[in-house]
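# Residue-level structure breakdown
One-letter residues, chain by chain:
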Amino acid sequence: MKRTPSVILGLCSYTHDSSAALLVDGELVGFVEEERLSEQKHTKLYPARAVGWLLNQAKLSAADVDAVAYNFQPARYLAESPAALRMALSPTTRDRSLARAHGFAKVALRTRRRLHVLGSQFTSAHVIPVLHHRAHQLTAFAASGWEEAAVLVVDSLGERQTTTIARGHGTHRPHARTLEAINDPASLGYVYGAVTEHLGWRRGDEEGTVMALAALGDPARFRHLFARAILTTTTGFHLDPGYFPMRTLTSGYPRTSRRFVAETCPERHPSEPLTEVHRDLAAALQERTEQVMVHLARRARVLTASRRLCVGGGVATNCVSIGKIIESGIFDEVFVPPAPGDAGTAIGAALAVHVDKRSPRPVAGIARTCYLGPSYEDHPLDLTPWPGLRQKTLGIETAEFLADQLAHGTIAGLFQGAVEAGPRALGNRSILASPLEPGVVERLNATVKFREPFRPFAPMVPAERADEFFTLGQLAPYMSMASGVTDQTRKRVPAIVHTNGTSRLQTITRSQNPFMHAVLTAFGRRTGVPVLINTSLNVKGKPICGTPEMALDCLANSGLDALFLEGRWITK
């Protein structure tokens with residue numbers, strides 16, 4: 001009798017960054033964020049397009065799914081309500097205790113309803129809620145491919161947890177055992193989001209802009225404030241509610257206090273100019289974030305005795321903090337998965353269900369992979385909606401052609417192969433430019449990306465030549481680590497060095513991305529510098545282009561010179 005395969009659909013949905021992953025007999029069929037297909041950045045809608053693509057890839061229907069793994073557990077939210085009521089006994093938290101208790105209970109019930117909705121869509125499946133931080137842990141650890149490692153997850157909130165330290169073990173059947181947890185209201189992600197909003201940017205979206213701004217400021221001005229507001233302890237940290245009042249999960253409650261405003265600056269409107277006080281506030285926030293992250297990494301080393309560290313959660317996208325952990329030498333190697341934020345928990349949730357079912361099938365297709373979404377190699381191209389665009393089909397030496405165009409100053413979009421997982425363009429949905437071209441950073445920010453002039457651009461380099469230009473001392477395949485640079489870099493390619501002396505590096509191996517490795521090598525032969533600027537194929541406020549149509553829109557409506565789209569060269 002033929003065995004029925006195990007089909008597990010992992011979902012991140014209804015909150016933000018909706019996504020889906022599919023495991024069949026433990027093998028990852030694929031993973032994609034809904035925004036890459038729907039064009040709605042950070043969408044919270046049910047990922048219908050992502051699920052449809054995955055089931056089509058596996059030649060399955062909704063009736064074939066036997067488990068839906070969801071990335072939150074409603075009961076864990078409900079457990080916070082009595083704890084919140086006890087906060088009424090303290091004068092510093094009394095004014096929000098009832099709202100907090102109500103907010104957590106409301107989210108618990110809402111999450112339970114969402115599980116029922118999913119059940120109605122997959123009538124043959126069990127809908128299984130997975131603890132949010134466990135999903136993060138398994139995503140980070142399984143993607144590393146290591147047999148054993150410490151796992152640190154730091155985010156804004158998962159049910160009640162904001163920070164967890166675990167020990168991961170098992171390459172083929174990954175497990176993660178939580179050793180220590182910090183619960184809300186102690187939340188590093190909450191603070192970073194609160195200050196991002198205070199500085200006039202969108203919380204949950206533009207924290208990276210604040211990280212970039214921080215390099216332009218002086219942290220000394222507000223250093224003592226953040227040391228008081230985020231107090232480290234032997235086992236972690238806690239927040240002073242006098243600066244950051246506890247969250248309520250209901251609208252109408254600001255995340256910063258009157259005292260915070262009085263001791264820093266008024267809230268900045270997005271249309272207002274940036275001043276020295278804004279730069280200094282960002283700098284102090286970033287400095288304290290780095291200090292706390294290194295502190296947590298040291299705690300993870302003590303608890304696990306591991307020599308390797310995996311980092312997940314939204315705060316893991318703070319590449320400068322990851323770079324500081326690496327520089328500290330606490331661990332021999334540090335790994336951040338390509339999708340460390342909530343979108344990636346679709347993979348971890350599916351993994352948790354697979355492991356809990358005690359399936360004899362080993363996990364496959366997750367370790368050291370990032371190109372997991374749809375590809376369009378044979379997609380017919382009709383340029384009728386874009387009458388100003390022209391195309392020509394290239395020959396076999398496409399890498400050489402693209403390298404030559406870049407060496408002559410062309411700023412080109414690149415659309416090839418499968419969509420990357422996570423928030424970074426990793427060589428399949430990228431905008432590429434020569435860092436040797438005068439004024440390239442200013443041009444990219446002003447006419448291509450339409451974003452703030454102080455925003456830096458990340459370099460990519462062949463892994464075997466990274467040490468010539470960068471001091472990180474380890475691979476950085478997913479552009480998640482800020483590295484120091486060598487003297488050669490400062491002299492020859494200063495355009496890729498941010499004001500703080502670092503670069504958010506991506507190393508490329510031939511096995512990881514053969515085409516991009518060939519382009520870098522060919523560019524190096526022409527210029528003597530095998531380094532390119534790599535930024536995501538999108539403009540500010542739009543998601544990374546997941547479909548050819550999105551990429552063509554990006555070309556037509558931005559300052560891009562050309563688009564390399566699956567062997568075709570498209571120009572205006």
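None of the values given here were measured: they were computed from a predicted structure. (Residues numbered from 1 in each chain as written. Predicted model: local features only at pLDDT ≥ 70, side-chain atom pairs only at ≥ 80, totals over all residues. Heavy atoms only, no water.)

So, on to the nonpolar core. With 123 residues, the main nonpolar core has Phe226, Phe244 and Leu309 as its most contacted residues. A per-element tally of this core places helix α11 (residues 276–304) first, with 11 residues. Aside from chain neighbours lying at most four places away, what touches Phe226 is Val191, Val195, Phe244, Phe260, Leu281, Ala284, Leu285 and Arg288. (Core = buried A, V, L, I, M, F, W, Y, C linked by side-chain atoms within 4.5 Å. Buried < 20%, exposed > 50% of the residue type's maximum accessible area, 1.4 Å probe, protein only. Helix = DSSP H or I, 4+ residues; strand = E, 2+ residues; numbered from the N terminus. Contact = heavy atoms within 4.5 Å.)

Turning to the packing of helix α7 (residues 188–198) against helix α8 (residues 207–214), a few remarks are in order. For the pair α7 and α8, interaxial distance at closest approach is 9 Å and the crossing angle is 80°. With respect to their mutual orientation, α7 and α8 come out roughly perpendicular. Each of Tyr192, Gly193 and Thr196 in α7 lies in contact with α8, whose residues at this interface are Glu207, Val210 and Met211. The residue inventory of the contact of α7 with α8, partitioned by class, reads 3 nonpolar, 2 polar and 1 charged. (Axes fitted to C-alpha atoms, helices over the stretch in contact; angles between N-to-C directions. Parallel < 35°, antiparallel > 145°, perpendicular 65-115°, else oblique. Nonpolar A, V, L, I, M, F, W, Y, C, P; charged D, E, K, R; others polar.)

One key point about sheets: their strands pair by backbone hydrogen bonds, in either a parallel or an antiparallel sense. Taken together, the 9 strands give an open sheet; going across it, the order is β13-β21-β20-β14-β15-β19-β16-β18-β17, and neighbouring strands pair in mixed fashion. Each edge of the open sheet carries a strand with a single partner, namely β13 (390–393) and β17 (481–484). The sheet shows a mean angle of 35° between the axes of neighbouring strands, direction not considered. In the sheet, β17 pairs with strand β18 (residues 502–508) via 4 bridges, with the strands oriented antiparallel. (Pairing = 2+ DSSP bridges.)

Taken as a whole, the second largest pocket holds about 240 Å³ of empty space. Every residue lining the second largest pocket is counted, 16 residues in all, and those nearest its centre are Gln286, Glu290, Val320, Lys324 and Asn500. Sorting the residues of the lining of the second largest pocket by element identifies α8, α11, α12 (319–328) and β17 as the ones contributing at least two each. A breakdown of the residues in the lining of the second largest pocket according to their chemical character gives 7 nonpolar, 5 polar and 4 charged. (1 Å grid on protein atoms, 1.4 Å probe; cavity = no way out; pocket = protein on both sides within 12 Å on 5 of 7 lines; lining within 4 Å. Points joined across faces, edges and corners; volume = space filled by probe spheres on them.)

Right, let's get into empty space enclosed by the protein. Counted by the stated rule, this structure contains 3 cavities of 30 Å³ or more. As for the largest cavity, its lining consists of Leu28, Thr139, Ala143, Pro337, Pro338, Ala339, Ile347, Ile366, Thr369, Leu372 and Ala421. Of the residues in the lining of the largest cavity, the class split is 9 nonpolar, 2 polar and no charged. Size it by volume and the second largest cavity reaches roughly 40 Å³.

Worth remembering: the numbers are spatial, not functional.
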